[in-house]
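Listed here are the chains, written in short residue letters.
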Amino acid sequence: MATRVERITNVLKTELTPVHLDIINESHMHNVPKESETHLKVVVVSSKFDGVPLVRRHQKVQELLKPELDTGLHALSIVARTEPEWEKSKNVPASPNCQGGFGK
């Protein structure tokens, strides 16, 4: 059975044909069981984002990953860029520290 990261990788490669794709498991930064895949950062660079506003790019990734969000993917950070944007800056912002949930 494929892991969540493998499933996400397959979906995004199929639907967005990215020139760059990273799926970063940030679950270890949170209070979840070891080996969890509940907190992920997706870095995807695709020509399919050309001319598409940033909010719509994020919505597209969320739509594609809805089955994962519905079955245990708790947090999804998205960096969605066009090729020229990626070439200009390959910097991926760091995720904030976990606040412990429920505003703690």
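For the structure itself, consult the block above.
What you see is a predicted model, and the numbers here were worked out from it, not measured in a lab.

Conventions used here
- Residues numbered from 1 in each chain as written.
- Predicted model: local features only at pLDDT ≥ 70, side-chain atom pairs only at ≥ 80, totals over all residues.
- Heavy atoms only, no water.
- Helix = DSSP H or I, 4+ residues; strand = E, 2+ residues; numbered from the N terminus.
- Buried < 20%, exposed > 50% of the residue type's maximum accessible area, 1.4 Å probe, protein only.
- Contact = heavy atoms within 4.5 Å.
- Areas by Shrake-Rupley, 256 points an atom, 1.4 Å probe, with all protein chains shown as cover.
- Polar contact = N/O pair within 3.5 Å; in protein donor to acceptor, adjacent residues only side chain to side chain.
- Salt bridge = Lys/Arg side-chain N within 4 Å of Asp/Glu carboxyl O.
- Axes fitted to C-alpha atoms, helices over the stretch in contact; angles between N-to-C directions.
- Parallel < 35°, antiparallel > 145°, perpendicular 65-115°, else oblique.
- Left-handed = near helix turned anticlockwise from the far one by under 90°.
- Pairing = 2+ DSSP bridges.

## Considerations on the overall build of the protein chain
Here comes step 1: Each helix and strand counted, the protein chain has four helices and three strands in total.
Here comes step 2: Split into buried and exposed, the 104 residues of the protein chain put 35% on the buried side.
Here comes step 3: Relative to all contacts within the protein chain whose residues are 6 or more apart in sequence, the contacts with residues 24 or more apart total 60%.
Here comes step 4: Of the roughly 6700 Å² of accessible surface on the protein chain, a fraction of 54% belongs to carbon and sulfur atoms.

## Overview of the environment of H20
Here comes step 1: Structurally, the position occupied by H20 is in strand β1 (residues 20-25).
Here comes step 2: Between the C-alpha atom of H20 and that of S46, which follows or precedes it by 26 residues, the distance is 7.3 Å.
Here comes step 3: When sequence neighbours within four positions are dropped, the list of residues in contact with H20 reads V43, V44, V45 and W86.
Here comes step 4: Of the polar contacts made by the side chain of H20, one reaches the side chain of D22; its length is 3.0 Å.

## Some points on the pattern of salt bridges
Here comes step 1: The final tally for this structure, using the stated rule, is six salt bridges.
Here comes step 2: A salt bridge links K90 to E87, with the shortest nitrogen-to-oxygen separation between them at 3.9 Å.

## Some details on the packing of helix α1 (residues 4-16) against helix α2 (residues 54-64)
Here comes step 1: Running from N to C, α1 and α2 point in directions that differ by 125°, and their axes come no closer than 10 Å. Of the possible angle classes, the one that applies to α1 and α2 is oblique. Here the hand of the crossing between α1 and α2 comes out right-handed. Where α1 approaches α2, its residues V11, L12, E15 and L16 are matched on the opposing element by K60, V61 and L64.

## Structural notes on the sheet that holds strand β2 (residues 39-45)
Here comes step 1: Spatial strand order, β1-β2-β3: three strands in an open sheet with mixed pairing. If you trace the sheet from one side to the other, it starts and ends with β1 and β3 (75-81), each paired once. Taking each pair of neighbouring strands and ignoring which way they run, the sheet shows an average axis angle of 10°.
Here comes step 2: Of the pairings in the sheet, the one linking β1 to β2 comprises six bridges and is antiparallel in character. Note that in β2 the partner of L21 across the bridge is V44.
Here comes step 3: Strands β1 and β2 of the sheet are contacted by α1, whose axis makes an angle of about 160° with β1.
Here comes step 4: Running over the sheet, α2 touches β2 and β3 and is turned about 130° from β3.

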